[in-house]
Amino acid sequence: MKQTLKTLAISLFSLTLPIQVQAQAVSPPPIDTIEDEIIIEQTNTPAPTPSAKPIPQQIGGRNISAFTRNLLGNTTVGGYFDTDYNFPAQGNSFFDQHRLILQVSSFMHERLFFNAEIEYEHGAILGGGSNDGQLKIEQAYLDFKFTDWLILRTGALLIPMGRLNVLHDSDFRDTTARPLFNQVIMPTTWTETGLGFYGTVYPDDFWEINYEAYLVQGLTDNLADGNGLRSARNSLSSDNNNAKALTTRVGFSPFIGLDFGLGGYLSPYDDTGKKNLGMLVADFNWSNGPFELLGEGGAVFFDPTTQKKADQEIPLNGSMWGYYLEGHYHLFPEFLKNSWLSNGFEQPVFTLFGRVSQVDTDTSQLNINDRTRLTFGLNFRPITNVVFKLEYQWNLENEAILKNDPSKEIANNTILASVAAGF
């Protein structure tokens, strides 16, 4: 009786084993020939998983996630960061966690492209702490391609005039600070909501011509002597008038190593839409071996307005202008090629640079806001997208120079250092 029950229990237990486990327990038939071995190997090879349908994600439930959207594997997440070290001639030295930028780019189709850039500045502590940070959308747009020379772009757009407003990433630039021109006249980063077109044409094997043209929100009536257009940048969600601005840039490249462009901007800027502002900006970039020269400059013309200072309305009648010119020399000394600076890196490089930048935010008068800045420095790149920078800023007041009055000069020179990395 006991033997019968034991046999029955073993039989029932064997019926409950998974089929896969039972199959593993079965020994394959003996192999007599190489041909038999090949047949068994082909039989045991698992069938390929069909690629028509993605493997369902069990964990995460029915929630929409980035994996849900990225079924084709065509979305990339990246960004850059920089940390600055400031040593002004007057005042306290300080560290500044200046920027942390997150970028998301996605090719949803060969004719559809999305790009977004979210910026955290100065730690972005909002609603508490020092509250000096800033969190904002720097750009977010969708491209719809009709052909190479006609691509629709809509969303939060970088104003395309000049070079630096579009090509502004800290790991891309050789200097820590941006030029005076791009702080007040062409205030980077200048983003507006709108839509328009861009594209590229190739007249022959050498020439490349590209353009951008957008209808955007427009500026507000917050122009200021000293601050230029910086505070006049508009909201991304509303407009101060019913009129819209038009901005465009046409770029030319006759051969590799040289490109230049001309951009324009026209905007009704007051609350009634009756005052107008126009702007022209030219830019260029030339490189030849280790040498590189680049720059941009422009002027702003507008109907007379007023600015508020200490609860007073002060007339602002003059136009604005500015420029910068910057030179680079790339090198890596022979005696450093086997040092700790180069070990493990394929093409480390030092860059010597110098820049002059000048601005005048009210040409009707000469005052402290008319400035010139000279910048000299050196940086080191162990790889292309990581850079250690050191520079000296020499700030000159134009009034002191033109009037030969040293008392107008201000002790505002500074030493800047920074680390920037793109990822």
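Residues numbered from 1 in each chain as written. Predicted model: local features only at pLDDT ≥ 70, side-chain atom pairs only at ≥ 80, totals over all residues. Heavy atoms only, no water.

## Structural notes on the overall build of the chain
Then comes step 1: Along the backbone of the chain there are six helices and 18 strands.
Then comes step 2: Residue pairs at least 24 apart in sequence account for 58% of intrachain contacts in the chain once pairs closer than 6 positions are excluded.
Then comes step 3: Carbon together with sulfur atoms contributes 62% to the accessible area of the chain, which is approximately 24,800 Å² in total. (Helix = DSSP H or I, 4+ residues; strand = E, 2+ residues; numbered from the N terminus. Contact = heavy atoms within 4.5 Å. Areas by Shrake-Rupley, 256 points an atom, 1.4 Å probe, with all protein chains shown as cover.)

## So, unusual backbone geometry
Then comes step 1: Across the junction of Thr-188 and Thr-189, the peptide omega takes the value -5 degrees, indicating a cis bond.
Then comes step 2: One can find Thr-189 in the loop between helix H5 (181-185) and strand S6 (191-201).
Then comes step 3: Positive phi values are uncommon outside glycine, yet His-122 reaches one of about 55 degrees.
Then comes step 4: Structurally, the position occupied by His-122 is in the loop between strand S3 (112-121) and strand S4 (134-147).
Then comes step 5: On the basis of relative accessible area, His-122 is assigned to the partly exposed category, the value being 27%.
Then comes step 6: Non-glycine residue Asn-404 carries a positive phi angle of around 50 degrees.
Then comes step 7: Counting through the fold element by element, Asn-404 comes out in the loop between helix H6 (398-402) and strand S18 (414-422). (Buried < 20%, exposed > 50% of the residue type's maximum accessible area, 1.4 Å probe, protein only.)

## A look at the pattern of salt bridges
Then comes step 1: Summed over all chains, the structure comprises twelve salt bridges.
Then comes step 2: Linking Lys-145 and Asp-148 is a salt bridge whose minimum nitrogen-to-oxygen distance equals 2.9 Å.
Then comes step 3: A relative accessible area of 29% means that Lys-145 is categorised as partly exposed.
Then comes step 4: With a closest N to O distance of 3.4 Å, Asp-259 and Arg-163 form a salt bridge. Placement of Asp-259 in strand S9 (residues 258-268) and of Arg-163 in the loop between strand S5 (150-158) and H5 is noted, with a sequence separation of 96 residues between them.
Then comes step 5: For Arg-163, a relative accessible area of 15% gives the class buried.
Then comes step 6: Through salt bridges with shared partners, one network takes in Glu-399, Lys-403 and Lys-408. (Salt bridge = Lys/Arg side-chain N within 4 Å of Asp/Glu carboxyl O.)

## Brief notes about the packing of aromatic side chains
Then comes step 1: Throughout the structure, instances matching the rule amount to nine aromatic pairs.
Then comes step 2: Summarising the aromatic geometry, the rings of Tyr-85 and Phe-95 are spaced 5.0 Å apart at their centres and angled 90 degrees between planes, so their arrangement reads as edge-to-face. In this pair, Tyr-85 is assigned in strand S1 (residues 75-88) and Phe-95 in strand S2 (residues 94-109), connecting sequence segments ten residues apart.
Then comes step 3: According to the relative accessible area criterion, Tyr-85 is partly exposed, its value standing at 26%.
Then comes step 4: Arranged with centres 4.9 Å apart and planes meeting at 35 degrees, the rings of Phe-350 and Phe-380 form a pair that is tilted. Taken together, the residues Phe-350 in strand S15 (residues 349-360) and Phe-380 in strand S16 (residues 371-383) connect sequence positions 30 residues apart.
Then comes step 5: Residue class for Phe-380 comes out buried when judged on its relative accessible area of 11%.
Then comes step 6: Taken together through their ring pairs, the aromatic side chains of Phe-332, Phe-350 and Phe-380 make up a single cluster.
Then comes step 7: The ring of Tyr-141 carries Arg-153 above its face, with NZ or CZ at 3.8 Å from the centroid. (Phe/Tyr/Trp six-rings, centres within 6.5 Å; stacked < 30°, edge-to-face > 60°. Lys NZ or Arg CZ within 6 Å of the ring centre and 35° of its normal.)

## Quick look at the nonpolar core
Then comes step 1: Within the largest apolar cluster, 33 residues are counted, with the highest numbers of intra-cluster contacts made by Trp-190, Leu-223, Leu-229, Tyr-265, Leu-277 and Met-279.
Then comes step 2: Counting residues per element, the ones that place at least two in this core are S5, H5, strand S7 (208-216), strand S10 (276-288), strand S11 (291-302) and strand S14 (320-331).
Then comes step 3: Not counting the four nearest positions on each side in its chain, Trp-190 is found in contact with Leu-157, Leu-158, Ile-159, Met-161, Asn-165, Leu-219, Leu-229, Arg-233, Tyr-265 and Met-279. (Core = buried A, V, L, I, M, F, W, Y, C linked by side-chain atoms within 4.5 Å.)

## Re a nonpolar patch on the surface
Then comes step 1: On the surface, a cluster of nonpolar side chains totalling about 660 Å² of accessible area is made up of Leu-100, Leu-102, Ile-118, Tyr-120, Leu-135, Ile-137, Leu-236 and Phe-423.
Then comes step 2: Sorting the residues of the nonpolar patch by element identifies S2, S3 and S4 as the ones contributing at least two each.
Then comes step 3: Within the secondary structure, Leu-102 is located in strand S2.
Then comes step 4: Overall, Leu-102 belongs to the partly exposed group, its relative accessible area being 36%. (Patch = residues over 30% accessible without salt bridge, like charges linked within 9 Å, V, L, I, M, F, W, Y side chains within 5 Å.)

## So, the side chain of Arg-373
Then comes step 1: By the element assignment, Arg-373 lies in strand S16.
Then comes step 2: With no salt bridge to any partner, buried Arg-373 finds its closest opposite charge in Glu-391, at an N-O distance of 7.3 Å.
Then comes step 3: Here the side chain of Arg-373 touches Asn-395 through a polar contact of 2.7 Å, side chain to side chain.
Then comes step 4: Each residue touching Arg-373, except ones within four places of it in the same chain, is listed here: Arg-178, Leu-180, Gln-183, Arg-355, Val-356, Ser-357, Gln-393, Trp-394 and Asn-395. (Lys, Arg positive; Asp, Glu negative; His and termini not counted. Polar contact = N/O pair within 3.5 Å; in protein donor to acceptor, adjacent residues only side chain to side chain.)

## Comments concerning the environment of Leu-293
Then comes step 1: Relative to the elements of secondary structure, Leu-293 occurs in strand S11.
Then comes step 2: As a C-alpha pair, Leu-293 and Leu-258 span 35 residues in sequence and 9.7 Å in three-dimensional space.
Then comes step 3: Beyond its immediate chain neighbours, meaning those up to four positions away, Leu-293 contacts Phe-284, Asn-285, Trp-286, Leu-325, Glu-326 and Gly-327.

## Some thoughts on the side chain of Asn-369
Then comes step 1: By the secondary structure assignment, Asn-369 is in the loop between S15 and S16.
Then comes step 2: Here Asp-225 takes part through its side chain, which lies 3.2 Å from a polar atom of the side chain of Asn-369.
Then comes step 3: Those residues within four positions of Asn-369 in sequence are excluded, and the remaining contacts are Asp-225, Gly-226, Lys-309, Val-359 and Thr-361.

## Things to note about the confidence of the model for the chain
Then comes step 1: Here the chain averages 86 in pLDDT, and 83% of its residues register 70 or above.
Then comes step 2: Throughout residues 1-53 the model reports pLDDT below 50, and contacts reaching past four residues in sequence, or to other chains, amount to seven contacts. (pLDDT = per-residue confidence, 0-100.)

## Notes on the pairing of S15
Then comes step 1: Relative to S15, S14 runs antiparallel, the two sharing eleven bridges. Note on S15: the bridge partner recorded for Trp-321 is Asp-360.
Then comes step 2: Bridging between S15 and S16 involves eleven bridges; their strand directions are antiparallel. Within S16, the residue paired with Val-356 across the bridge is Leu-374. (Pairing = 2+ DSSP bridges.)

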